[in-house]
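Summary of the model geometry
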Amino acid sequence: MSQHGVGPRAVTRSVAFLTAGVLAVPALAGCGSEDPAGKPLAAPDIQPAARDEVADGGTLRWAVDSVPDTLNTFQSDADATTTRVAQAVLPSMFRMDASGRPERNPAYLESAKVVETEPKQVVLYKLNQQAVWSDGREIGAADFAAQWRALSGKDTAYWTARNAGYDRVQKIERGDSALEVRVTFSRPYADWRSLFSPLYPKEVMGTPDSFNDGARKKLEVTAGPFTVKKVDTEDERITLTRNPRWWGEPAKLSAIELRTVPRDKRAAELAAGTLDLAEIDSAAARRITLAARPHSSSSPLMGPGADRTAADALRSWARANGTDDDAADEETVARKKLRKAAAKYARQLQALRGFEVRKSLEPAFTQLALNGAEGPLADERVRRAVARALDREELAEAVLKPLGLPAVPVGSHLALSGQAAYADNSGALGDQDTEEAQALLADAGWVRGGPVKDQKKEKEEKAAGGEGERADGSSGADEDNKVQDQDPAGHLAQDGKQYKHPHPGGAPGAYAPRGTAAPANQEAAPFAKNGKPLTLRFVLPSGPGSRTLRTVADRITRMLQRVGIGTEISKVSDESYFKDHIASGQYDLALYSWPATAYPATDARPVYAKPVAAADGSLSVEQNYTRVGTDQVDQLFDEAVATLDEGKSRSLIRKADSRIWAAAGSIPLFQRPQLLAARKNLANTGAFGFATPVYEDMGFLKKGPKPASGPSRKGPAAP
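Conventions we followed
Counting restarts for each chain: residues are numbered from 1 in the order of the written sequence. For a predicted model such as this one, the threshold for reporting local features is a pLDDT of at least 70, and the threshold for listing and counting side-chain atom pairs is 80 or more; totals across whole chains, interfaces and linings nevertheless cover every residue. With hydrogens and water excluded, all non-hydrogen atoms of the structure serve as input to the side-chain values. A helix here means a DSSP run of H or I that spans at least four residues, while a strand means a run of E at least two residues long, and both kinds are numbered starting from the N terminus. Buried means the residue's accessible area, taken with a 1.4 Å probe over protein chains only, is under 20% of the maximum for its type, while exposed means over 50%, and partly exposed covers the values in between. Here, nonpolar core refers to any group of buried Ala, Val, Leu, Ile, Met, Phe, Trp, Tyr and Cys residues whose side-chain atoms link them within 4.5 Å. Contact criterion: two residues are considered in contact whenever any of their non-hydrogen atoms come within 4.5 Å of each other. Whether two aromatic rings pair depends on their centres lying within 6.5 Å, for rings of Phe, Tyr and Trp, where Trp uses its six-membered ring; planes under 30 degrees apart make the pair stacked, over 60 edge-to-face, and the rest tilted. A pair of strands is labelled paired if DSSP reports no fewer than 2 bridges between them. What makes a salt bridge here is a side-chain nitrogen of Lys or Arg within 4 Å of a carboxyl oxygen of Asp or Glu, nothing more.

Before going further, it helps to examine the environment of Ala 423. With respect to the helices, strands and loops of the structure, Ala 423 is situated in the loop between α11 (392-400) and α12 (434-443). What makes Ala 423 buried here is its relative accessible area of 0%. The sequence separation of Ala 423 and Gly 38 amounts to 385 residues, and the corresponding C-alpha distance is 8.0 Å.

This part covers the nonpolar core. A general trend in soluble globular proteins is that nonpolar side chains are found buried together. Ranked by internal contacts, the top residues of the largest apolar core, which has 107 residues, are Met 93, Tyr 125, Phe 196 and Leu 240. If we ignore the near neighbours within four places in the chain, the residues touching Met 93 are Glu 103, Arg 104, Asn 105, Tyr 108, Leu 109, Tyr 125, Leu 127, Phe 144, Phe 196, Ser 197 and Leu 199. If you look at the next biggest cluster of nonpolar residues, it comprises 63 residues, including Leu 275, Leu 390, Leu 440 and Leu 441.

A word on the packing of aromatic side chains. The geometry of two aromatic rings is summed up by the distance between their centres and the angle between their planes. Following the criterion strictly, the structure yields 18 aromatic pairs and no others. Seen from their ring centres, Phe 144 and Phe 196 are 4.7 Å apart, and the 50 degrees between their planes marks the pair as tilted. Taken together, the residues span a long stretch of sequence, with Phe 144 in helix α3 (residues 141-151) and Phe 196 in the loop between β7 (180-185) and α4 (202-205) at a distance of 52 residues. Assigned by exposure class, Phe 144 and Phe 196 land together as buried. Each ring, one from Phe 578 and one from Tyr 625, has its centre 5.2 Å from the other, and the planes form 90 degrees; the classification is edge-to-face.

Attention shifts here to the sheet that holds strand β15 (residues 532-533). Taken together, the three strands give an open sheet; going across it, the order is β13-β14-β15, and neighbouring strands pair in antiparallel fashion. Each of the sheet's edge strands pairs with one partner strand only, and the pair in question is β13 (447-448) and β15. As defined by bridge partners, β13 adjoins strand β14 (residues 527-529) across two bridges and the pair is classed as antiparallel. Its bridge partner lying in β14, Val 447 is registered against Ala 528.

The next thing to look at is the pattern of salt bridges. All chains considered together, the criterion is met by 32 salt bridges. In this structure, the salt-bridge partner of Arg 193 is Glu 646, at a minimum N-O distance of 3.1 Å. One end of the pair, Arg 193, is in the loop between β7 and α4; the other, Glu 646, is in helix α21 (residues 646-663), and 453 residues separate them in sequence. Judged by relative accessible area, which is 23%, Arg 193 ranks as partly exposed. Salt-bridge contacts for Lys 230 lead to Asp 232; the nearest nitrogen and oxygen are separated by 3.7 Å. On the basis of relative accessibility, which here comes to 15%, the residue Asp 232 falls in the buried class. A cluster of three or more residues bridged by salt bridges with shared partners is formed by Asp 65, Arg 263, Arg 266 and Glu 279.

Everything listed here is a matter of coordinates, which is why it stays silent on function.
So, in structure tokens, the structure goes:
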């Protein structure tokens, strides 16, 4: 599982959120006339074109990370490509608009609304009368009912990854006509729009066997602008072709080929002419931007040998023409290799001139996760100290500013700017403040510049005689627990208020009596407690696609050092990063991403739910990999998902977010950049941002129309 692509819906489908007077936060729903949701920070960048400007025919070759193990999005091993295929070939009752809010999909729905609330909530769907499956059968109540039964969780023979929402349905029946579907809920469900998107035919959902195995490598019955022609696991590609029974605007493209191409190979494949569209990293984006510029002697250099100075060139010439024959031969071979590599790079740059970078912000954010299960971070004050050490604006600028994207820190765990539930609740935790961070650590019993035992000597002593206890019979762990039990800030995650230490700068008498001389160079000394330094294990992925995360981690490490918190960097393989470290809790600090969701009351609850003890004594964390949660947050989610008043539900979600901020289990940093390389004549596709792609409008421009121009055409700055 990629650390970049983890999300509530992705994980659950692929295994891939009281009273207002309690809160002291700067902005909540109803507190002022301005909508705290704001607007999306970046618009989609897809080169929009009218359909009559797009040519009929052509095949779009689109890079993906993998051919998925299943085409059923409700199974645990579904992935991002599963979702992409489903969007193109299956019905969705609702799709996302450019602000990340659900909107009715008119291709399938005439209308959908709550028609009764008492004694039960009833939603009436009126289907598009032209909507049919690819075998000619009308889409109807039987398909809705089959999907509900499969995903309700009542029949364990169905190997489902999630049943959220479907477990609240009581019955599904036909309405007054075959075009109407009545869904009655056993309990109120605010996120009813999340259901039946996508909708699979009853042939897939009807029995456990067909659900478990029938849609893994094929989808024989579909109902979108495209249909699945072939899933080729040997050539690692999926071919989608036009659906002849599609009733909407016909697809402009004849076919879409989803090709598996590793991310570090995509720039070369684009240059070779085997791809038309690919998500890329910032390095590839700079190459494409550079290729589009007029060549001159003043152009910035990239590629092999670009970092060689005049002195390097002189030394190379001297070695190649010196009296040492072996050294000369070696240097001559090296220079030939460099010239060959530079020539290849130049040819690739020339080929990349036919592409441009389309950029937006992904509907996902990168966060710093703090494992609160054990160790120093089990103390909420230490977690808050870590958070107050961070300059989130600096981190956002480091990643997004070089790409020409808005560098604004994310202010919510549960939504992104522009989405209905968004509000910047980071004030519940506070901005960067070194003094406040140090005061929190002192209050938790940590002493700046305190004595540190020789850890190696201590281990040897323990091995020799088990001298692990203190003179009074208590252990360091007991002392830690005692300090935590006496935590005067223990209410922080409960009321969402920003904690201010009563004695800024320290906790008098915590470990040293008043008047004790400060050790030399105290400002640079780390905090310590019970003879141990405050050092946190920072786990990071080591693969080439994780360079940005490691850059962010380096900055975070320096910020923590300035406060007096040490870090121990542990780099692990991409394959083991999430499964063996994040999910299993083998870390103190980690960086990974969650996608935004239009349905936080449903999708975000398992991410922030309070861990509970399982029957076997283990801790059940669902998707809360920080192991930090509170009963109040759970209660707010439960109230929000059961409230049919949309304004009240949003207010409850925002209150939950304030409490999540206060608990400091995870710190949202920045919205992830979305960079796609696209042929310049490719229209209505690229960096979609929040919006669901409209596959039938994608295509290649006719020779007459010129590509749209605008700020988004500039691309990221080249070095």
